[in-house]
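# Summary of the model geometry
Letter by letter, the chains look like this.
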Amino acid sequence: MGYRVAVVGATGNVGREMLNILEELEFPVDKIHAIASRKSIGVEVGWKDGVIKCEDVAQFDFSTVDIVLMSVSGAFSREWAPKIGRAGPLVIDNSSAWRMDPDVPLIVPEVNPDDIEWAHRKNIVANPNCSTAQLVMALKPLHDAATIKRVVVSTYQSVSGAGKAGMDELWNQTKQVFVLGPSEPDFFPKQIAFNVIPFIGKFLDDGYTDEEAKMWNETHKMVDPEIKLTVTCVRVPVMVGHSESVNIEFEHPLDADEAREILRDAPGILVIDKRESDGYITPKEAQGEHAVFVSRIRNDPTVENGVNLWVVADNLRKGAALNAVQIAQLAHERGLLGRKVLA
Ligand SMILES: NC(=O)c1ccc[n+]([C@@H]2O[C@H](COP(=O)([O-])OP(=O)(O)OC[C@H]3O[C@@H](n4cnc5c(N)ncnc54)[C@H](OP(=O)(O)O)[C@@H]3O)[C@@H](O)[C@H]2O)c1
């Protein structure tokens, strides 16, 4: 038996990947709907060997589907996800709107799969921030082994993490700078072509950004509220693929060799760690891949029990669409799809 699935935000970066990944993971789909805004009615998006036409969210009857994969904005999701959840389907949402809601599970299936059991409270499951998803994939197995005390992260986040508009700005600016010289930023706050920007999201009162706060809040919700985590989020002129430099201090002894072995056995992680030019991963190689890659695993000699890692993943896949479809698979395996009642 297959499910009736709606992808909301189907013309976007994440939505298109969701359609690809539903097929790649052979998720049982009986009927698929691509949903976007009114301006996209009739726009064709790829599905399997052909195309399907987009429908308008405002005209769609969500009681006719079993599951909704949603990737629009936080404001959109705050308005639409509860309405859709009440209409019956399970909503798996990619925005930040519901991640910290105590009645909404925030899930990376390799990290905290059992939280799916309380998804029926609002019929909404949240997908984490792209940078958090790949980070917790690496942290969880190491935390289980030696209890993480403190983590220091610097991110190198690609422009696709900011949606289609971010990719367009890098592309157009690169061409313009190359031909005509410096250009005025439009979407990003500063020039992103041939530059890096140590600011993502919006400033909070303490000088951090909301993107940075998402990373520690979401790690606390999914892994352990006792982990101390500090982070600097940086936008870099890369189209797809987020990278992270991660320094970890443990409560108990754990060295780089042991960390390497633990990560080799961890689900969804691929360790590429040799001291040669092909012995580490860059975002270019992670693009289009399902795995979270870990490279450059080293002891940190400045603390008693510490290691450094380099963590890279495709932000549109494990950071968003792949994780969302894996949540759908988890709900399917646990028999949670197709229920029509809210608690
Ligand atoms: N990109 C990432 O790495 C990543 C990772 C994790 C989470 N997320 C989150 O996922 C969400 C989508 O990101 P994205 O990168 O896919 O953005 P995007 O490329 O800008 O796509 C946005 C999608 O939302 C649709 N949309 C916008 N306003 C709408 C409305 N009023 N009604 C219906 N549909 C509407 C757009 O449809 P139209 O074409 O019709 O406007 C488009 O399909 C965001 O909340 C983002 O924070 C993204």
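Refer to the structure printed above.
Residues numbered from 1 in each chain as written. Predicted model: local features only at pLDDT ≥ 70, side-chain atom pairs only at ≥ 80, totals over all residues. Heavy atoms only, no water.

Our focus in this paragraph is the overall build of the protein chain. Helix and strand content of the protein chain: 8 helices and 13 strands. A globule of 343 residues ought to have a C-alpha radius of gyration of about 20 Å, and the protein chain, at 20 Å, matches this closely. C-alpha atoms of the protein chain, sized along the principal axes, occupy 60 × 55 × 45 Å. Going through the 343 residues of the protein chain one by one, you find that 56% of them count as buried. (Helix = DSSP H or I, 4+ residues; strand = E, 2+ residues; numbered from the N terminus. Rg over C-alpha atoms; globule rule 2.2 N^0.38 Å. Buried < 20%, exposed > 50% of the residue type's maximum accessible area, 1.4 Å probe, protein only.)

Turning to the sheet that holds strand E4 (residues 50-56), a few remarks are in order. The strand order E3-E4-E2-E1-E5-E6-E7 describes an open sheet built from 7 strands, whose pairing is mixed. The open sheet is flanked by strand E3 (44-47) and strand E7 (124-126), the only strands paired with a single partner. Between one strand axis and the next, the sheet turns through 30 degrees on average, direction left out of account. Sheet topology places strand E1 (residues 3-8) next to strand E2 (residues 29-36); 6 bridges connect them, and they run parallel. The residue bridging Val7 from the neighbouring strand is Ala34, located in E2. Running at roughly 25 degrees to E3, helix H1 (residues 13-24) makes contact with E1, E2, E3, E4 and strand E5 (67-70) of the sheet. (Pairing = 2+ DSSP bridges. Axes fitted to C-alpha atoms, helices over the stretch in contact; angles between N-to-C directions. Contact = heavy atoms within 4.5 Å.)

On to the pairing of E5, then. Covered by surrounding structure in E5 are Ile67 and Leu69 together with Val68 and Met70, the residues of both alternating faces. By the bridge criterion, 4 bridges tie E1 to E5 in an arrangement that is parallel. Bridging from a neighbouring strand, Val5 pairs with Ile67 of E5. Pairing geometry for E5 and strand E6 (residues 90-93), over 4 bridges, is parallel. The residue bridging Leu69 from the neighbouring strand is Ile92, located in E6. Chirality of the crossover, the property in question, places the unit of E5, helix H2 (residues 74-87) and E6 among those that are right-handed. (Right-handed = clockwise from strand over helix to strand, strands pointing away.)

In this section: the sheet that holds strand E13 (residues 306-313). Working definition: the strands of a sheet are paired by backbone hydrogen bonds and lie parallel or antiparallel to each other. Sheet architecture is open: 6 strands sit in the order E9-E8-E10-E13-E12-E11, paired in mixed fashion. A strand with exactly one partner marks an edge of an open sheet, and here the two such strands are strand E9 (228-232) and strand E11 (269-271). The average angle at which neighbouring strand axes cross in this sheet is 25 degrees, direction not considered. Sheet topology note: the strand E8 (residues 148-156)/E9 ladder contains 5 bridges and is parallel. Within E9, the position partnered with Val153 by the bridge is Val231.

Bringing unusual backbone geometry into the picture now. Even without glycine at this site, Lys48 takes up a positive phi of about 55 degrees. Within the secondary structure, Lys48 sits in the loop between E3 and E4. Of the residues examined, Lys48 reaches a relative accessible area of 48% and is grouped as partly exposed. The phi dihedral of Thr147 falls on the positive side, at around 60 degrees, and the residue is not glycine.

A few words on the site of the ligand. Taken together, 26 residues form the shell around the ligand, and within it Thr11, Val14, Ser37, Ser40 and Val72 come nearest. Contact between the ligand and Gly9: an oxygen atom at 3.1 Å from a main-chain N or O atom of the residue. Asn315 places a side-chain nitrogen or oxygen 3.0 Å from an oxygen atom of the ligand. Protein burial of the ligand: of its 910 Å² of free accessible surface, 78% is covered by the chains. Among the elements of the structure, H1 and helix H8 (317-333) are those that each provide at least two residues to the shell around the ligand. (Near = heavy atom within 4 Å. Polar contact = N/O pair within 3.5 Å; in protein donor to acceptor, adjacent residues only side chain to side chain. Areas by Shrake-Rupley, 256 points an atom, 1.4 Å probe, with all protein chains shown as cover.)

In terms of nonpolar packing, the biggest core is built from 60 residues, with Phe62, Ile248 and Leu309 touching the most fellow members. Top contributing element to this core by residue count: helix H3 (residues 130-146), with 8 residues. Leaving out residues up to four positions away in the same chain, Leu309 has contacts with Ala138, Leu142, Glu244, Ser245, Val246, Ile248, Leu263, Val294, Ser295, Arg296, Ile297 and Arg298. Counting 47 residues, the second largest nonpolar core, distinct from the first, contains Tyr3, Ile92, Ala193 and Ala328. (Core = buried A, V, L, I, M, F, W, Y, C linked by side-chain atoms within 4.5 Å.)

Counting through the fold element by element, Ala291 comes out in the loop between helix H7 (283-286) and strand E12 (292-299). Ala291 gets classed as buried once you look at its relative accessible area, which sits at 17%. For the pair Ala291 and Ala75, spaced 216 residues apart in the sequence, the C-alpha separation amounts to 30 Å. Excluding its chain neighbours within four sequence positions, the residues that come into contact with Ala291 are Gly268, Leu270, Val312 and Ala313.

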